[in-house]
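Residues per chain are reported as follows:
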Amino acid sequence: MKASLDRALGVLRDDVRAMQAYQVHASAGLIKLDAMENPFRLPEPLQRALGERLGAVAINRYPGERTQQLAQALADHAKLPQGKALMLGNGSDELISLLAMAVCKPGQRVAVLAPVPGFVMYELSSKYQHLDFVGVPLTADFELDEAAMLAAIAEHQPAVVYLAYPNNPTANLWDDAVIERIAQAAPGLVVMDEAYQPFAARDAMALMARHPQVLIMRTMSKFGLAGVRIGYLMGHAELIHHIDKLRPPYNVSVLNAEAGLFALEHASEYERQAATLRAEREKLQAALAAMPLVRAFPSEGNMILVRVPDANRLHAGLKARGVLVKNVSGMHPLLAGCLRLTVGAPDENAAMLAALDASLARPEASPSL
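Residues numbered from 1 in each chain as written. Predicted model: local features only at pLDDT ≥ 70, side-chain atom pairs only at ≥ 80, totals over all residues. Heavy atoms only, no water.

Attention now moves to the sheet that holds strand E3 (residues 111–116). As summarised here, the arrangement of the seven strands in space is E2-E8-E7-E6-E5-E3-E4, forming an open sheet in which the pairing is mixed. Edge strands, defined here as strands with exactly one partner in the open sheet, are strand E2 (84–89) and strand E4 (132–137). Taken over all neighbouring pairs, the strand axes of this sheet differ in orientation by 20° on average, direction set aside. Pairing geometry for E2 and strand E8 (residues 231–236), over six bridges, is antiparallel. Among the inter-strand pairings, Leu88 is bridged to a residue of E8, identified as Tyr232. Relative to the sheet, helix H4 (residues 65–78) contacts E2, strand E7 (214–219) and E8, its axis offset from that of E2 by approximately 125°. (Pairing = 2+ DSSP bridges. Helix = DSSP H or I, 4+ residues; strand = E, 2+ residues; numbered from the N terminus. Axes fitted to C-alpha atoms, helices over the stretch in contact; angles between N-to-C directions. Contact = heavy atoms within 4.5 Å.)

Going through the model one piece at a time under the given rule, you end up with 21 salt bridges. One salt bridge connects Glu180 with Arg210, and the closest N-O pair in it is separated by 2.5 Å. Placement of Glu180 in helix H8 (residues 176–185) and of Arg210 in helix H9 (residues 205–210) is noted, with a sequence separation of 30 residues between them. Here the salt bridges share partners, and the residues they tie into one network are Arg53, Arg66, Glu258 and Glu265. (Salt bridge = Lys/Arg side-chain N within 4 Å of Asp/Glu carboxyl O.)

A few words on the confidence of the model for the protein. Averaged over the protein, the pLDDT score is 93; the fraction of residues at 70 or greater is 98%. For the stretch residues 364–369, pLDDT sits under 50, and the model shows 13 contacts to residues farther than four places along the chain or on other chains. (pLDDT = per-residue confidence, 0-100.)

A word on the packing of helix H14 (residues 311–320) against helix H15 (residues 346–361). Across the interface, H14 lies against H15 with an axial gap of 9 Å and an inter-helix angle of 125°. Between H14 and H15, the angle is such that the two are oblique. Note that H14 runs across H15; the crossing there is right-handed. For the pair formed by H14 and H15, the contact residues are Leu314, Gly317 and Leu318 on the first element and Met352, Ala355, Leu356, Ser359 and Leu360 on the second. Residues that form the contact of H14 with H15 fall into these classes: six nonpolar, two polar and no charged. (Parallel < 35°, antiparallel > 145°, perpendicular 65-115°, else oblique. Left-handed = near helix turned anticlockwise from the far one by under 90°. Nonpolar A, V, L, I, M, F, W, Y, C, P; charged D, E, K, R; others polar.)

Rendered as structure tokens:
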């Protein structure tokens, strides 16, 4: 039996066997503020209407026209310019994987470049396709290091440059003039990852209109449909046409497509929720600024990065008090001492602030420490 298992394991890539899987932490019984989710469900009348609509979907058939209609509805919602096109992904993660597949050329060294700290899937998807990932550190204030970015682009000639806008986990928007110069210098694709666009003051649509190599990636997850898994990539029609060839033909289910269409028909409800979260973010920023041991960084997303005296102890103290946030202190040296707090509903934010205050005052009171 063991010999058979060893032979089976032997056909797997060594680097895959050595990798650490993406971790999703258990959250049962906790106030979940670790994953930048929209905390609001639909009002009950809309829940019932959605349930009736999903119940009528022909789940005995493969996805077809409805996914095409979803793509068109998203293009209309984003006000996609003439000459641009849109493709669907099973969340942004699949789109990142498809982009890695699109630029991978067997026998050639191909680089993917992104500022770090940033979204971990840029690096992971690059490694899955045997691409060279080049991470360029941000400045101490989490701004783009323009000189270092331009030098890395000149040296590595990356096929893809990822710029998260706002960035995860730092939550900030970067200088548009610097982004413009990076886009001009990049020899390949420049992907603006706008996962948190509903909460941001600016977007990159004008940048995409000026530069045919610029693509914009968005998701319906932060719109309020994290469980539905719909991402989309926009850009020059010819580029999208070729990348879309790699997409599995039925990557978005009929149920997910119908839920996405329903959400877009009720976009005003999700816009109201986003406005509430933006207001809550500002209240949280003010409350965190009043805590002498906490440094809260500016945010244009539905999260706030904070630096605290002992991130590991504070994370455990919050969890022991029923609040789950993200400990990012070990992700990158620039994030030393940092936690990422998702902006939640008013009662969730109040509970988080109370737990943070108590953990700062008496961390030893937690049995988990």
